[in-house]
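The residues making up each chain are set out below.
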Amino acid sequence: MTNISFANGEDCTLLYDDEKHSYTVDGTKFPSVTRVVDGAFPKQGLIDWAVKSGADFFQSSVEQYLLSPGEVGMYMVPQRVIKHIYDGIRAAHRTISTEAIDTGSLVHRWIEEAIRWKMGDGEAPELPEDEAALNCIEAFREWTKDNEVKWLSIEQKVCSLKHGYAGTVDAVAEVNGEFTVIDFKTSAKIYKQYHLQVAAYAQAITEMYGRDVEKGLILRLDKGSGEYQTKTFEPLEHVHIFLACMQLREWSSKRIKNLK
């Protein structure tokens, strides 16, 4: 349970159900920022990625049965191997997705503990053994070296009473002197919908802190190279698009009457 106070004198009690990833504010269910955004965008990119994952699995599995260049003849693939490849293709995207989620969770947990330590809460976290996570952490460290950062909050529960939604913002900080909402990502690239997440968080933070968020920052930490990529933008300019996503979500949940 989190008690939230707003700059205008209002307050509320927010309950978060981690298993259902749902928020309740003063007894009323509020949609989560991530579910609003995810529900409004088509999943074609995920479909393409899932197909490629299956194709990659097929190629790596069947290579040992291919003939060498110039070799003539036929070869047979055992039925058990065919079944293994078939099952593997069907599950490839789930396996990769689970690994990505695990890495992302390790990175977010380490960053959270590191920032809390910097803010005087707890101890410095130990580094994980996962190589991809270590690369992301190195990227995060490099970003902090390259910028002047004063941390204000980490993993903060937020809600907008004005618009009726809630969420958890990765971090709020003064970055190079500017009031900034930060979203950490370990994805392959910075997707456009991430901007709407940050915009929604920025609106809620503005209501809570009583000052406009000056910048939204998406900080992508690369799992392979150990480098970081940033995207800074004016988040409050995009709040109306997020609110349109909320309307779409509400419309999608309602049944359309059949005229007789």
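Residues numbered from 1 in each chain as written. Predicted model: local features only at pLDDT ≥ 70, side-chain atom pairs only at ≥ 80, totals over all residues. Heavy atoms only, no water.

Undergrad: Hey, could you run me through the packing of helix α1 (residues 33-40) against helix α5 (residues 194-209) in this one?
TA: Angle between the axes and distance between the axes: these two values describe a pair of packed helices. Where α1 meets α5, the closest approach of the two axes is 10 Å, and the angle between their N-to-C directions is 145°. Crossing of α1 against α5: the hand is right-handed. On α5, the residues that touch Val33, Thr34 and Val37 of α1 are Leu196, Gln197, Ala200 and Tyr201. (Axes fitted to C-alpha atoms, helices over the stretch in contact; angles between N-to-C directions. Helix = DSSP H or I, 4+ residues; strand = E, 2+ residues; numbered from the N terminus. Left-handed = near helix turned anticlockwise from the far one by under 90°. Contact = heavy atoms within 4.5 Å.)

Undergrad: Looking at this structure, how should I read the environment of alanine 171?
TA: Mapped onto the secondary structure, alanine 171 falls in strand β6 (residues 165-175). Here alanine 171 falls in the buried class, since its relative accessible area comes to 0%. Spatially, the C-alpha atom of alanine 171 lies 5.1 Å from that of isoleucine 182, the residues being 11 residues apart in sequence. Sequence-distant contacts of alanine 171, that is, excluding residues within four places in its chain, are made with Trp151, Ser153, Ile154, Thr180, Val181, Ile182 and Phe184. (Buried < 20%, exposed > 50% of the residue type's maximum accessible area, 1.4 Å probe, protein only.)

Undergrad: I tried to follow the sheet that holds strand β9 (residues 228-233) on my own but got confused; where do I start?
TA: By definition, the strands of a sheet pair up through backbone hydrogen bonds, in either a parallel or an antiparallel sense. Taken together, 5 strands build an open sheet; the order of strands is β5-β6-β7-β8-β9 and the sheet is mixed. The open sheet has two edge strands with one neighbour each: β5 (149-160) and β9. Each strand of the sheet is rotated relative to its neighbour by a mean of 30°, with strand direction disregarded. Two strands pair when backbone bridges link them, and β6 and strand β7 (residues 178-185) are joined in this way by 5 bridges, in the antiparallel orientation. Counted as the bridge partner of alanine 171 is isoleucine 182 from β7. Against the sheet, α5 contacts β5, β6, β7, β8 (215-221) and β9, and its axis sits at roughly 90° relative to β5. (Pairing = 2+ DSSP bridges.)

Undergrad: Before we go on, may I ask you to explain helix α4 (residues 131-146) in this structure?
TA: Residues spaced three or four apart along an α-helix point in a common direction, a consequence of the helix completing one turn every 3.6 residues. Taking 1.5 Å per residue as the helical rise, α4 with its 16 residues ought to reach 22 Å, and the 23 Å between its terminal C-alpha atoms agrees with that figure. Buried within α4 we find Ala132, Ala133, Asn135, Cys136, Ile137, Ala139, Phe140 and Trp143. For α4, the capping residue at the N-terminal end is aspartate 130, with a side-chain oxygen 3.2 Å from the backbone nitrogen of alanine 132. (Expected span 1.5 Å × (residues − 1). Polar contact = N/O pair within 3.5 Å; in protein donor to acceptor, adjacent residues only side chain to side chain.)

Undergrad: Explain the sheet that holds strand β1 (residues 2-5) here, please?
TA: An order of β1-β2-β3-β4 is seen for the 4 strands of this open sheet, with the pairing classed as antiparallel. Bordering the open sheet on either side are β1 and β4 (28-30), each of which pairs with just one other strand. Along the sheet, successive strands turn relative to each other by an average axial angle of 35°, direction set aside. Across 4 bridges, the pairing between β1 and strand β2 (residues 11-17) is antiparallel. By the bridge assignment for β2, serine 5 is matched with aspartate 11.

Undergrad: I tried to follow a nonpolar patch on the surface on my own but got confused; where do I start?
TA: On the surface, Leu248, Trp251 and Ile256 cluster together into a nonpolar patch covering about 340 Å² of accessible area. Relative to the helices and strands, tryptophan 251 is located in helix α6 (residues 239-252). For tryptophan 251, a relative accessible area of 53% translates into the label exposed. (Patch = residues over 30% accessible without salt bridge, like charges linked within 9 Å, V, L, I, M, F, W, Y side chains within 5 Å. Areas by Shrake-Rupley, 256 points an atom, 1.4 Å probe, with all protein chains shown as cover. Salt bridge = Lys/Arg side-chain N within 4 Å of Asp/Glu carboxyl O.)

Undergrad: Where do I start with unusual backbone geometry in this structure?
TA: Phi is mostly negative for residues that are not glycine, and the peptide bonds are mostly trans. You will see that histidine 21, though not glycine, has its phi angle at about 50°, which is positive. Along the chain, the position of histidine 21 falls in the loop between β2 and β3 (22-25).

Undergrad: For this particular structure, what's the right way to read the nonpolar core?
TA: Proteins that are soluble and globular tend to have nonpolar side chains buried together. Among the nonpolar cores identified, the biggest contains 34 residues, and Cys159, Val181, Ile205 and Phe242 are the most heavily contacted of them. Where this core is concerned, the elements lending two or more residues are β2, β3, α1, β5, β6, β7, α5 and α6. The element best represented in this core is α5, accounting for 9 residues. Excluding residues that lie within four positions of it along the chain, isoleucine 205 makes contacts with Gln156, Val158, Val169, Val172, Phe179, Val181, Gly210 and Val213. By size, the runner-up hydrophobic cluster in this structure holds 21 residues, among which are Ala114, Ile115, Trp143 and Leu217. (Core = buried A, V, L, I, M, F, W, Y, C linked by side-chain atoms within 4.5 Å.)

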